[in-house]
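Results of the structural survey
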Amino acid sequence: VDFTVEVERSLRVLDGAVAVFDGVAGVEAQSETVWRQADRYGVPRICFINKLDRVGADFDRAYGTILTRLGANAVRMQLPMGIEKDFMGLVDLITMKAYKFVEGDGPGIEEMPAIPDEYIELAEARRMEMIEKIVEIDDDLVEKFLEGGEFSVEELKDATRKSAIAGHAVPVFCGSALHDKCVHPLLDAIVDYLPTPLDLGAIKGTDPKNEDAEVERPSDSDGPLAALAFKTISDPNGDLTFIRIYSGTMNRGDSVYNPRTRKKERIGRLMFMHADKREAVDTVRAGNICAVVGLKDIITGDTICAQDAQVVLESM
């Protein structure tokens, strides 16, 4: 609960999120709080049920807590093979292929010749349940489902993406992050099912000279600058301000405008942050999240924009 503010300001600037749950405990109290925050900001999300190699892990029970405690329309996209110390692979319910975990570099999984016999019946039942939930987003697909039609992998992936972005369904994946089991398929799922900035349309703000006038900024690097400072931390080399760029391009050395203070500020160094590693860059574009060194009067929640195209974005 100590991190509620951190979660709040992060969710404000994210296009999508992965909700991670414990394979033993399922949905815990803090997960409910974070889930409600994501609902408030309309953040599309996918779920990852983790730690399935722990004693007491139960994928179906953890999945059940997502349905009951969060009230989410959760959809199982994978079927784990084995559990606890015997957790050895998974079945991808969209492609109906089985994968086993392997040690060493690379994706950490290897396709099996076929789904093991003991999992075929359950995998087919789970697949029908999955299809029934994800096709609800499209009337033509519902009709095809009711008529007993076959679906291609592309159709199912497309329907899952639309359902996830619209907040209609929440795809659920499984694995054990500590031992790199199923992390690679999860990364593929982030690319396949979570939105890009273009999927979410234009960000809405207000005109600082007329607060009743709504202003839209599409996610376009060639448009006027519109960005939100969502976090500030002190640093020995100068305060770091974390910024999400919604529109336009920001270059090192640019002058930017803050509608709250009605002052211009100069962009010092620009960096992409990778946990504790910092990558210096000269330019950031629409859709990027970066850190800026050297901004003096910018606080959390401030909008940064072009002076000749002013906008104030909703703060957190």
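Throughout this document, residue positions are counted from 1 along each chain, in the order its sequence is written. Given that this is a predicted model, residues contribute local features only at a pLDDT of at least 70 and side-chain atom pairs are listed and counted only at 80 or more, while totals for whole chains, interfaces and linings are drawn from all residues. Note that the side-chain values use all heavy atoms of the structure and ignore hydrogens as well as water.

Okay, the overall build of the chain next. Where helices and strands are cited, they refer to DSSP runs of H or I of at least four residues and of E of at least two residues respectively, numbered from the N terminus. A count of helical and extended segments in the chain gives 7 helices and 21 strands. In terms of overall dimensions, the chain has C-alpha extents of about 70 × 45 × 35 Å along its principal axes. Burial classes follow relative accessibility: with a 1.4 Å probe on protein chains only, a residue under 20% of its type's maximum area counts as buried, one over 50% as exposed, and anything between as partly exposed. Burial analysis of the chain (316 residues in total) assigns 46% to the buried set. Any two residues whose heavy atoms approach within 4.5 Å at even a single point are treated as in contact. Partitioning the contacts of the chain with sequence separation of at least 6, the portion at a separation of at least 24 is 64%. Roughly 16100 Å² of accessible area belongs to the chain as shown, and the carbon and sulfur atoms make up 49% of that amount. Each charge class in the chain can be summarised by its mean position, and for the 37 positive and 56 negative side chains these summaries are 8 Å apart. Accessibility throughout is a Shrake-Rupley quantity obtained with a 1.4 Å probe, and a residue counts as covered only by protein chains that appear here. Residues scored as positive are Lys and Arg, those scored as negative are Asp and Glu, and His as well as the terminal groups of each chain are ignored. Taken as the charge location is NZ of Lys, CZ of Arg, CG of Asp or CD of Glu.

What follows covers the packing of helix H4 (residues 117-134) against helix H6 (residues 153-166). In this analysis an axis means a line fitted to C-alpha atoms, helices contributing only their contacting stretch, and an angle means the value between N-to-C directions, from 0 to 180 degrees. Running from N to C, H4 and H6 point in directions that differ by 55°, and their axes come no closer than 9 Å. The angle between H4 and H6 places the two elements in the oblique class. Of the two elements, H4 crosses H6, and the hand of that crossing is left-handed. Residues Arg127, Met130, Ile131 and Ile134 of H4 form the contact with H6, whose own contacting residues are Leu156, Ala159, Thr160 and Ser163. Residues of the contact of H4 with H6, tallied by class, amount to 5 nonpolar, 2 polar and 1 charged. Small angles under 35 degrees read as roughly parallel and large ones over 145 as roughly antiparallel, with 65 to 115 read as roughly perpendicular and the rest as oblique. For any helix crossing, the convention is left-handed if the near helix is rotated counterclockwise from the far helix by under a right angle, and right-handed if that rotation is clockwise. Here the nonpolar group is Ala, Val, Leu, Ile, Met, Phe, Trp, Tyr, Cys and Pro; Asp, Glu, Lys and Arg are the charged ones; every other residue, Gly included, is treated as polar.

This brings us to the side chain of Lys181. If you trace the backbone, Lys181 turns up in the loop between strand E8 (170-174) and helix H7 (183-193). When a carboxyl oxygen of Asp or Glu lies within 4 Å of a side-chain nitrogen of Lys or Arg, that pair is called a salt bridge. Of the side chains with opposite charge, Asp53 comes closest to the buried, unpaired Lys181, at an N-O distance of 4.3 Å. Separated by 3.4 Å, the side chain of Lys181 and the backbone oxygen of Phe87 make a polar contact. Contact partners of Lys181, with chain neighbours within four places excluded, come to Phe48, Asp53, Phe87, Phe101, Gly175 and Ser176. Whenever a nitrogen or oxygen atom comes within 3.5 Å of another N or O atom, the pair is scored as a polar contact, on the condition that within protein one atom can donate a hydrogen and the other can accept it, and that pairs from neighbouring residues in sequence are kept only if both atoms are in side chains.

A few words now on helix H3 (residues 59-70). The span one expects for a helix is its residue count, reduced by one, times 1.5 Å. Taking 1.5 Å per residue, 12 residues should reach 16 Å; H3 reaches 16 Å between its end C-alpha atoms and fits that length. Along H3, the residues classified as buried are Phe59, Ala62, Tyr63, Thr65, Ile66 and Leu70. Along the axis of H3, the buried positions cluster into a sector of 150°, meaning they face one direction only. The N-capping residue of H3, defined by a side-chain oxygen 3.1 Å from the backbone nitrogen of Asp60, is Asp58. Where H3 ends, the next residue or the one after it, Gly71, has phi of about 65°, a positive value. Directions are taken from the helix axis to each C-beta atom, and the arc is the one they span.

With that settled, the discussion passes to the environment of Met316. The topology assignment puts Met316 in the segment after strand E21 (312-313). With residues near it in sequence (within four places) discarded, Met316 still touches Arg9, Arg12, Tyr41, Leu228, Phe230, Thr300 and Gly301.

Quick look at the side chain of Lys133 now. Tracing the sequence through the fold places Lys133 in helix H4. Buried within the structure, Lys133 lacks any salt-bridge partner; Glu129 is the closest side chain of opposite charge, at an N-O distance of 4.8 Å. For Lys133, the contacting residues outside a window of four places in its chain are Tyr63, Leu67, Asn73, Ala74, Val75 and His168.

Our next topic: the packing of helix H1 (residues 4-13) against helix H2 (residues 29-40). With their axes 10 Å apart at the nearest point, H1 and H2 run at an angle of 30° to one another. Classed by the angle they form, the pair H1 and H2 counts as roughly parallel. The two elements H1 and H2 cross, and the hand of that crossing is right-handed. Touching Thr4, Val7, Glu8 and Leu11 of H1 are Gln30, Val34, Gln37, Ala38 and Arg40, all from H2. The residue makeup of the contact of H1 with H2, split by class, is 4 nonpolar, 3 polar and 2 charged.

With that settled, the discussion passes to the pattern of salt bridges. The final tally for this structure, using the stated rule, is 18 salt bridges. The shortest N-O distance in the salt bridge between Lys204 and Glu216 comes to 3.4 Å. In this pair, Lys204 sits in strand E9 (residues 203-207) while Glu216 sits in strand E10 (residues 210-217), placing the two residues 12 residues apart along the sequence.

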